[in-house]
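For reference, the chains in residue letters:
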Amino acid sequence: MTERSSPHADIQCSVNRRQALAATAGAGVLSCLPLGKLPFTSQSAPGGLMSSAHAAPASPSAPALPHWLTLLGTSEQGSRDYAPEIEGTLPADLSGVLYRNGPGLFERDGYHKQHLLDGDGLVQRLSIRNGRAHYRNAFVQTPRFVAEQAAGRYKHASWTTRRPGGMLSNLMGGGIESQAGVTVYPVHGKIAARDESGHTFFVDPRTLATTGQQKVSSLSGGYKAHAKLDPATNEWILAGQGFGPSMSLKVTIYRPTLEKVREFSFDAPRQVYIHDFLATKSHIVFVLHPCHFSPFGFLAGMRSFSDSLTFNAEDGTVLAVVPKDGGAPRFFDVPGSFMWHALNAFEDKGEIIADIVAYDEPDHFIGDAPLFKTLMTGETGNAAFPGTIRRYVASLETGKAREEILDSGNHEFPMTDPRAQLERHRIGYFACGGVGGINSGIKRMDMQTGATQLFDFGAEHVQVGEPVFAPRDERSGAMDDGWLIAQCLDAKTERTFFAVFDAQTVDAGPLAKVWLTHHMPISFHGSWVGSA
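Conventions adopted
- Residues numbered from 1 in each chain as written.
- Predicted model: local features only at pLDDT ≥ 70, side-chain atom pairs only at ≥ 80, totals over all residues.
- Heavy atoms only, no water.
- Helix = DSSP H or I, 4+ residues; strand = E, 2+ residues; numbered from the N terminus.
- Contact = heavy atoms within 4.5 Å.
- 1 Å grid on protein atoms, 1.4 Å probe; cavity = no way out; pocket = protein on both sides within 12 Å on 5 of 7 lines; lining within 4 Å.
- Points joined across faces, edges and corners; volume = space filled by probe spheres on them.
- Nonpolar A, V, L, I, M, F, W, Y, C, P; charged D, E, K, R; others polar.
- Pairing = 2+ DSSP bridges.
- Axes fitted to C-alpha atoms, helices over the stretch in contact; angles between N-to-C directions.
- Buried < 20%, exposed > 50% of the residue type's maximum accessible area, 1.4 Å probe, protein only.
- Arc of directions from axis to C-beta.
- Salt bridge = Lys/Arg side-chain N within 4 Å of Asp/Glu carboxyl O.

> What's the story with the environment of G530 in this structure? I'm lost.
Looking at where G530 falls in the secondary structure, it is placed in strand 35 (residues 525-530). The sequence separation of G530 and G96 amounts to 434 residues, and the corresponding C-alpha distance is 4.0 Å. Not counting residues up to four positions away in its chain, the partners in contact with G530 are S95, G96 and E474.

What follows is the structure, encoded as structure tokens:
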């Protein structure tokens, strides 16, 4: 474990100083070398339902990605419904449904999404019971999807891709609307699909038919894709941000009946893009990393939202900590890094302990030739910086915070037993290996001792997504007793499979693989709903 100090760690900066700052404005990788140095051979662009044949050709000087990796950004037809093949033996007492969400459609009428992180939401349902499995998927029927499906062309911009028609067509941002393609949450009997902005959409737990939506309030503006569910109270905590002359941060908490408990907002000291946040029993924690948003090119129709982001690690990261029932926020300085996803946070003896995955530079996401963009044209790109496991310790008494590096390998998609959320957690699970946000293995880490277990398929063989925890007994079972289910893309067959691990013996490898008959694009997040 190493500790990094902020260049001004001993000073709790004033809000005015931070606002002034905002106004100016591959070591440790597991299992493989960077993609550009692997012995990959050139392949043609992927085909399928919506072929990439009309995409911009790869640069002659850029090494080509292997064909199987480009499938992460190749569209899927949707409306699947069948019993998949099972390799190995599914645990007899594994019973329930895995829901996953991610982008499923990347092109219309020859116009292509520019980034792996963009596309219409496709929810998957994998039910497991008595050693058998059934698979289904369906597109979320957002107003945007329905209108564009009828028109056969894109009518709106998305957060990485401008609307067809050039600058004038994209004035004021190009009419971005939710694609509901990032997260999926089981919330009080409903299955909620969310995106980076806009409304929450509900799908039927069995058929995946879109059944309705929960509209964003005037205060919330737009929730982030990630939310927190308090396992003790069943309260659903959503957070959002609003841009303007200054940035606001917003929190809304719902009862199990989906009635609002409270809602509040406060001014942030900088304008930055955030994707996730943390919560404890008493506080909400926003990680305001130095990923600055400049609205001018975006509003003028010249840049997409993601192309309006810049990262400067020297500006440091600010932790904004606010009481969960509202009140005055406090700000803590830590070294600069970029966070996609949080593991969990809790409070102990006047300190907030927050575990996350973060990058010294998000070169796989923004900047010059990020991998998540070049992958869409079949090229290699930048992904030199690993996602390391980090811990923030913020003292509510002294007003100071520190950062600790718990594991310098490459990680993403942190997961706990959901019953540990907002409380002290013992075990963390991660996708690991590979480069950037494209991983090849699963890691189990004891967050108290640092002991780890690792199973890696190999970066040239399998891409591994988020490991979703499925408790053995949700009501009375021991914490961290259960299984991990990860969606994987296989290089040899170019098909997707779901790998099922015993969560306590990850290093033994998967107990079973549930094989789909086709590939699936990258899927970001999932949730498990157990059945008796």
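> What am I meant to see in the layout of surface pockets here?
The method is simple in principle: a probe with the dimensions of a water molecule rolls over the atoms, and the space it marks as empty is what remains. Of the pockets and cavities examined, the second largest pocket occupies roughly 750 Å³. Every residue lining the second largest pocket is counted, 30 residues in all, and those nearest its centre are I176, E196, S197, G198 and G222. Put simply, the parts of the chain that give the lining of the second largest pocket at least two residues each are helix 3 (143-151), strand 14 (236-242) and helix 5 (295-299). The class makeup of the residues in the lining of the second largest pocket is 13 nonpolar, twelve polar and five charged.

> Before we go on, may I ask you to explain empty space enclosed by the protein in this structure?
One number sums up the size of the largest cavity: a volume of about 230 Å³. Along the wall of the largest cavity there are 22 residues; nearest its centre are L117, H275, W340, H341 and F524. Of the residues that constitute the lining of the largest cavity, the class distribution is ten nonpolar, eight polar and four charged.

> What's the story with the sheet that holds strand 32 (residues 482-490) in this structure? I'm lost.
The strands that make up a sheet are held in pairs by hydrogen bonds between backbone atoms, and each pair lies either parallel or antiparallel. Spatially, the five strands line up as an open sheet ordered 3-34-33-32-31, and their pairing is antiparallel. The open sheet terminates on both sides in strands that have one partner only, identified here as strand 3 (85-88) and strand 31 (462-471). Adjacent strand axes in the sheet meet at a mean angle of 20° when their direction is disregarded. Looking at chain direction, strand 3 and strand 34 (residues 512-515) are connected through four bridges and run antiparallel. Its bridge partner lying in strand 34, E87 is registered against K513.

> Would you mind going over the pairing of strand 12 (residues 210-214) with me for this structure?
Within a regular strand, the side chains alternate between the two sheet faces. When strand 11 (residues 200-203) meets strand 12, the two strands line up antiparallel, connected through four bridges. Directly across from F202, in strand 12, lies its bridge partner G212. In sequence, strand 11 turns back onto strand 12 through a hairpin of six residues, with L208 there showing a positive phi of about 70°.

> Where do I start with the environment of Q448 in this structure?
With respect to the element layout, Q448 can be found in the loop between strand 29 (441-446) and strand 30 (452-456). Q448 gets classed as partly exposed once you look at its relative accessible area, which sits at 49%. With sequence-adjacent residues up to four places away left out, Q448 is seen in contact with R424, H425 and R426.

> Hey, could you run me through helix 3 in this one?
It helps to recall that an α-helix has 3.6 residues per turn; residues three or four apart then point in one direction. All of the buried residues along helix 3 are R144, F145 and E148. Here the buried residues of helix 3 occupy an arc of 95° about the axis, which is enough to place them on one side. Packing partners of the buried residues in helix 3 comprise strand 4 (96-105), strand 5 (107-108), strand 7 (120-129) and strand 8 (132-139). Just downstream of helix 3, G152 is the residue with a positive phi angle, here 75°.

> Explain the sheet that holds strand 4 to me, please; I cannot follow it from the model alone.
The strand order across the open sheet formed by five strands is 2-8-7-4-35, and the pairing between neighbours is antiparallel. Both outer strands of the open sheet, strand 2 (81-82) and strand 35, are each paired with one neighbouring strand and no more. Of the pairings in the sheet, the one linking strand 4 to strand 7 comprises nine bridges and is antiparallel in character. If you follow V97 over to strand 7, its bridge partner there is S127.

> Mind showing me how you'd approach the pattern of salt bridges here?
Where charged atoms from two side chains of opposite charge come close, those side chains can pair. In this structure the tally under the stated criterion is 22 salt bridges. Among the ionic pairs, D93 bridges to R472, the shortest N-O distance being 3.2 Å. With D93 in the loop between strand 3 and strand 4 and R472 in the loop between strand 31 and strand 32, this pair connects stretches of sequence that are 379 residues apart. When the shortest N-O distance is used, the salt bridge between E423 and K281 registers 3.8 Å. Of this pair, E423 sits in the loop between strand 27 (411-415) and strand 28 (427-432) while K281 sits in the loop between strand 17 (278-279) and strand 18 (283-288); the two residues are 142 residues apart in sequence, bridging distant segments of the chain. Taking the relative accessible area as the measure of exposure, E423 reaches 38% and is therefore partly exposed. On the basis of relative accessibility, which here comes to 29%, the residue K281 falls in the partly exposed class. Ionic contacts of the salt-bridge type, sharing partners, join the residues D230, K281, K324 and E423 into one network.

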